[in-house]
Amino acid sequence: MTRIFTFGVPFIVGVGAGWIVQGRHWDAFLTSYVPALATLVAAFYGAKYAFQFQKDKEMEDNKRQNVVNGNSAIFNLMRMTSTLRNVQKQIIDPARDRPARFLEMRPTLHSIKDDIKLNIETLYFLLETDYRNLLGELVIEEARYQSALDAIKERSRLHIEEVQPLLERACTVEGGDYSLAQIENALGIRLYTTIQQATEQAIDHVDSTVVSLTQVADKLTASLKKQYPNETIISFEITI
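> Describe the overall build of the chain, with residues and values.
Of regular secondary structure, the chain possesses seven helices and zero strands. Order of helices (α) and strands (β) in the chain, N terminus to C terminus: α-α-α-α-α-α-α. For the chain, the residues scored as buried account for 34% of the 240 residues in total. Look at the contacts in the chain between residues 6 or more apart in sequence, and 78% of them connect residues 24 or more apart. Total accessible area computed for the chain in this model is approximately 14900 Å², and 56% of it derives from carbon and sulfur atoms.

Structure (structure tokens):
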């Protein structure tokens, strides 16, 4: 636009001045050159506003998509947390404070849903913000969630396939009063130690991941609210 005024206006003024000096009609100048300049200016501003409109629309569309993707990630973090909380309530907590919890903690008899994923690619917009490190934390949390489920599944497999058959051979009955020494004698030192370690690892994985999932979800909620203060951003809390 600067060039239009820099070169166009002096040109038209010069032409007009020349016509006046030569005695030509001023109205011819007004009808020939001024409309051309007006058309050029109008075309420029029309293109400028059309470009700005399209740019603003793209920015708005990106913002809405980022909000949707962010809320979707928070929702999946909530689902992960809910899955592990159910494991805590149904499997871990009933035996948590018992000395023989490695034995009394029941194995999972049904498949735990492990198909909950975070679509990390849709969150790449975080790399352009002050929360770029959050993307790495989300990747870690997805892996921690899977590790917690794997720990529970492996401990359940060990309990069903190896521990229970040996206890049956030793004629132990559920609910019977047995010392830890008797249980160790029935299982053997290797399996006795293995099931203890597998149980402790499963409990630790689940407990710590419930906390870390919630913390990362809170960070994601806070980051989205800061970036998009006028949008609705979801959040959740752990229910005791």
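> Got a sec to walk through the side chain of threonine 81? Specific residues and values, please.
Among the structural elements, threonine 81 can be located in helix α3 (residues 34–92). At 2.8 Å, the side chain of threonine 81 forms a polar contact with the backbone oxygen of leucine 77. Dropping the residues within four chain positions of it, threonine 81 is found in contact with Val210, Leu213, Thr214, Phe236 and Ile238.

> Pulling in residues and values, what's your account of the side chain of threonine 221?
With respect to the helices and strands, threonine 221 occurs in helix α7 (residues 189–227). We classify threonine 221 as buried; its relative accessible area is 5%. The residues touching threonine 221, leaving out its near neighbours within four places in the chain, are Ile74, Ile233, Ile234 and Ser235.

> Quick one: what's the story with the packing of aromatic side chains, residue by residue and with numbers?
Here the structure, examined in full by the defined rule, presents one aromatic pair. Considering the side-chain rings of phenylalanine 102 and tyrosine 192, the 5.2 Å spacing of their centres and the 80° angle between planes classify their relative orientation as edge-to-face. With phenylalanine 102 in helix α4 (residues 101–104) and tyrosine 192 in helix α7, this pair connects stretches of sequence that are 90 residues apart.

> Lay out the pattern of salt bridges with the relevant residues and their values.
Going through the model one piece at a time under the given rule, you end up with eleven salt bridges. Between arginine 157 and glutamate 154 there is a salt bridge whose closest N-O contact spans 2.8 Å. With arginine 157 and glutamate 154 both in helix α5 (residues 133–169), this residue pair falls three residues apart, about one helical turn. Residue arginine 157 is classed as partly exposed on the basis of its relative accessible area, which comes to 30%. Here glutamate 161 makes a salt bridge to arginine 157, at a shortest N to O gap of 3.1 Å. Taken together, the residues glutamate 161 and arginine 157, both in helix α5 and four residues apart, mark about one turn of the helix.

About the cut-offs
- Residues numbered from 1 in each chain as written.
- Predicted model: local features only at pLDDT ≥ 70, side-chain atom pairs only at ≥ 80, totals over all residues.
- Heavy atoms only, no water.
- Helix = DSSP H or I, 4+ residues; strand = E, 2+ residues; numbered from the N terminus.
- Buried < 20%, exposed > 50% of the residue type's maximum accessible area, 1.4 Å probe, protein only.
- Contact = heavy atoms within 4.5 Å.
- Areas by Shrake-Rupley, 256 points an atom, 1.4 Å probe, with all protein chains shown as cover.
- Polar contact = N/O pair within 3.5 Å; in protein donor to acceptor, adjacent residues only side chain to side chain.
- Phe/Tyr/Trp six-rings, centres within 6.5 Å; stacked < 30°, edge-to-face > 60°.
- Salt bridge = Lys/Arg side-chain N within 4 Å of Asp/Glu carboxyl O.

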